[in-house]
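Coordinate inspection notes
Below are the chains, spelled out letter by letter.
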Amino acid sequence: MKQEQMTMEEYLLNLLDTPVTMKDGTVVKKPDGSVMTKQEAIATNILNQAMKGDLHAAQYIQNLQLRASLTKNNKK
């Protein structure tokens, strides 16, 4: 039986939901003790970079906040 092939985008989106695993095999946990996904790790890294002064990361977060605000206002 031939397995259906995923597009690159589908594959990457699936990987974002997988746990972060360190080189030694341990799974990264969030402060609440639950498993951290790759998507959550990327988001945390972007936020940390912005806090360190990375202008691209800060601009990304500002754009995200603006889009969220506009979406919220359009739903009213």
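Please refer to the structure placed before this passage.
Figured I'd write up the structure that's included with this text. Since this is a predicted model, take the numbers as computed values, not measurements.

As for the pattern of salt bridges
Evaluated as defined, the whole model comprises one salt bridge. Note that K30 is salt-bridged to E40, the shortest N-O span being 3.0 Å. Separated by ten residues along the polypeptide, K30 in the loop between α1 (8-16) and α2 (38-51) and E40 in helix α2 bring together distant segments of the chain. For K30, a relative accessible area of 24% puts it in the partly exposed group.

So, a nonpolar patch on the surface
Taken together, the side chains of M6, M8, Y11, L12 and L15 define a hydrophobic patch exposed on the protein surface, amounting to about 480 Å² of accessible area. With respect to the element layout, M8 can be found in helix α1. Judged by its relative accessible area of 57%, M8 falls in the exposed class.

What counts and what doesn't
Residues numbered from 1 in each chain as written. Predicted model: local features only at pLDDT ≥ 70, side-chain atom pairs only at ≥ 80, totals over all residues. Heavy atoms only, no water. Salt bridge = Lys/Arg side-chain N within 4 Å of Asp/Glu carboxyl O. Helix = DSSP H or I, 4+ residues; strand = E, 2+ residues; numbered from the N terminus. Buried < 20%, exposed > 50% of the residue type's maximum accessible area, 1.4 Å probe, protein only. Patch = residues over 30% accessible without salt bridge, like charges linked within 9 Å, V, L, I, M, F, W, Y side chains within 5 Å. Areas by Shrake-Rupley, 256 points an atom, 1.4 Å probe, with all protein chains shown as cover.

By themselves these figures say nothing about function.
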